[in-house]
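These are the residues of each chain, in order.
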Amino acid sequence: MTIETIGVIGGGAWGTALAQAAAAGGDPVVLWAREGDVVRAINDQSANPLFLPNIPLSRKIRATSQLDDLADCDAILVVAPAQHVREILGSASIGFAPLILCAKGIEAGSKKLMSEVAAEVYPGSPIAVLSGPTFAHEVAAGLPAAVTLACEDQVLGQSIAARLASPAFRPYLSKDVIGAEIGGAVKNVLAIACGVVEGKRLGQNARAALISRGFAEMTRFGLARGAEAETLAGLSGLGDLVLTCSSTSSRNFSLGKGLGEGKSGAELLADRTTVAEGAHTAPVLREAAHDAGVEMPITEAVCALLEGKNSVEATVEALMARPLKNER
Ligand SMILES: NC(=O)C1=CN([C@@H]2O[C@H](COP(=O)(O)OP(=O)(O)OC[C@H]3O[C@@H](n4cnc5c(N)ncnc54)[C@H](O)[C@@H]3O)[C@@H](O)[C@H]2O)C=CC1
Ligand SMILES: O=C(CO)COP(=O)(O)O
């Protein structure tokens, strides 16, 4: 199967960066954006100052406000925030093109992963997941990055990987759709915890401990949901966890930093233009972990901090005072 025209649903930072990556070889890209200003800026100035400032975009990217304009695309990257994917897919009529899911989150209420949401809305469409350590502004600027491209149908996976690959963008194939999704969703919650460590100046040791014990949480939950350990230890899991837990370029890390500095979750989440997926995923993940009988103390701590139910000091004290146990 040859994939030429790529459609992109979502004109935020990551949708725009992926459109840029997909346009690198000169094939056309059609990007649907919710904001009229974004559509106009992309078409008139080849730029997206609202979500991806200071990055000149390829002229091969055409933006539209009409989802139906994606109907003839050979494959569609779904890059809306996780909580809006169901609604946006439901309002599109995009035939049976493969859907490549790029949002990192779990749907509130249903506790479903994006592949499960997409399969409900478009039961006939082949599904893939693209996830990995990729800050949008770096990918859009053409800096090198690698991602996991998970697809049960490996022939389709290879076609998608071949279409998206460029000298600066390297997809690695996997069959483990669930594993790729869980890594991306869980690392956002853990990045908030690492941001708290930064904001409260708890030190580098504490951050490394959180990354390691957070990875243990991610692995326990992932295995309980059918993910493969190798996927969780790969680009979409550990790779993205390390990236997002190390830099204020991460919105989730920055949100945590604000909590560590003493601001409230409500204050930090009010009037945001950009999305911090971990804040939405944390409570759903806590419920899903409970359903699966999996212990996720860091996730629970992040929920309590976001909900204003615990101070940072009391949270750290409680985590450190948990009963001693084997590392594995
Ligand atoms: N920015 C990044 O570096 C990366 C982001 N992602 C993931 O991509 C997904 C999209 O994130 P970004 O493009 O960064 O978003 P963004 O934070 O740059 O932009 C916000 C997006 O949310 C959309 N939005 C806001 N309210 C909405 C509503 N009521 N209904 C539908 N859409 C609404 C906006 O149109 C815009 O596309 C997220 O799941 C994120 O975790 C994944 C990899 C990298
Ligand atoms: O997913 C990302 C990098 O891989 C982006 O992280 P943030 O959403 O925390 O900015």
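Procedures and definitions
Residues numbered from 1 in each chain as written. Chains lettered and ligands numbered in written order. Predicted model: local features only at pLDDT ≥ 70, side-chain atom pairs only at ≥ 80, totals over all residues. Heavy atoms only, no water. Pairing = 2+ DSSP bridges. Helix = DSSP H or I, 4+ residues; strand = E, 2+ residues; numbered from the N terminus. Axes fitted to C-alpha atoms, helices over the stretch in contact; angles between N-to-C directions. Contact = heavy atoms within 4.5 Å. Near = heavy atom within 4 Å. Polar contact = N/O pair within 3.5 Å; in protein donor to acceptor, adjacent residues only side chain to side chain. Areas by Shrake-Rupley, 256 points an atom, 1.4 Å probe, with all protein chains shown as cover. Nonpolar A, V, L, I, M, F, W, Y, C, P; charged D, E, K, R; others polar.

**Student:** Tell me about the sheet that holds strand S6 (residues 127-131), and please be specific about residues and values.
**Tutor:** The eight strands lie next to each other as S3-S2-S1-S4-S5-S6-S7-S8, forming an open sheet whose pairing is mixed. The open sheet has two edge strands, strand S3 (61-64) and strand S8 (169-174), and neither has a second partner. Going across the sheet, the axis of each strand differs from the next one's by a mean of 25 degrees, ignoring polarity. Note: strand S2 (residues 29-32) against S3, four bridges, orientation parallel. Its bridge partner lying in S3, Val30 is registered against Arg62. Here helix H6 (residues 154-164) sits on the sheet in contact with strand S1 (6-9), S2, strand S4 (75-78), strand S5 (99-101), S6, strand S7 (145-151) and S8, set at roughly 175 degrees to S8.

**Student:** Mind laying out the site of ligand 2, listing which residues take part and the relevant values?
**Tutor:** Near ligand 2 you find 13 residues, and of these Lys187, Asp240, Ser250, Arg251 and Asn252 are the closest. Between ligand 2 and Lys104, the relevant distance is 2.8 Å, taken from an oxygen atom to a side-chain nitrogen or oxygen of the residue. Lys187 is positioned with one of its side-chain polar atoms (N or O) 2.8 Å from an oxygen atom of ligand 2. Relative to its free-state accessible area of 310 Å², ligand 2 is covered by the protein chains to the extent of 92%. For the shell around ligand 2, the elements supplying multiple residues, two or more each, are helix H10 (235-244) and helix H11 (251-260). Residues of the shell around ligand 2, tallied by class, amount to three nonpolar, six polar and four charged.

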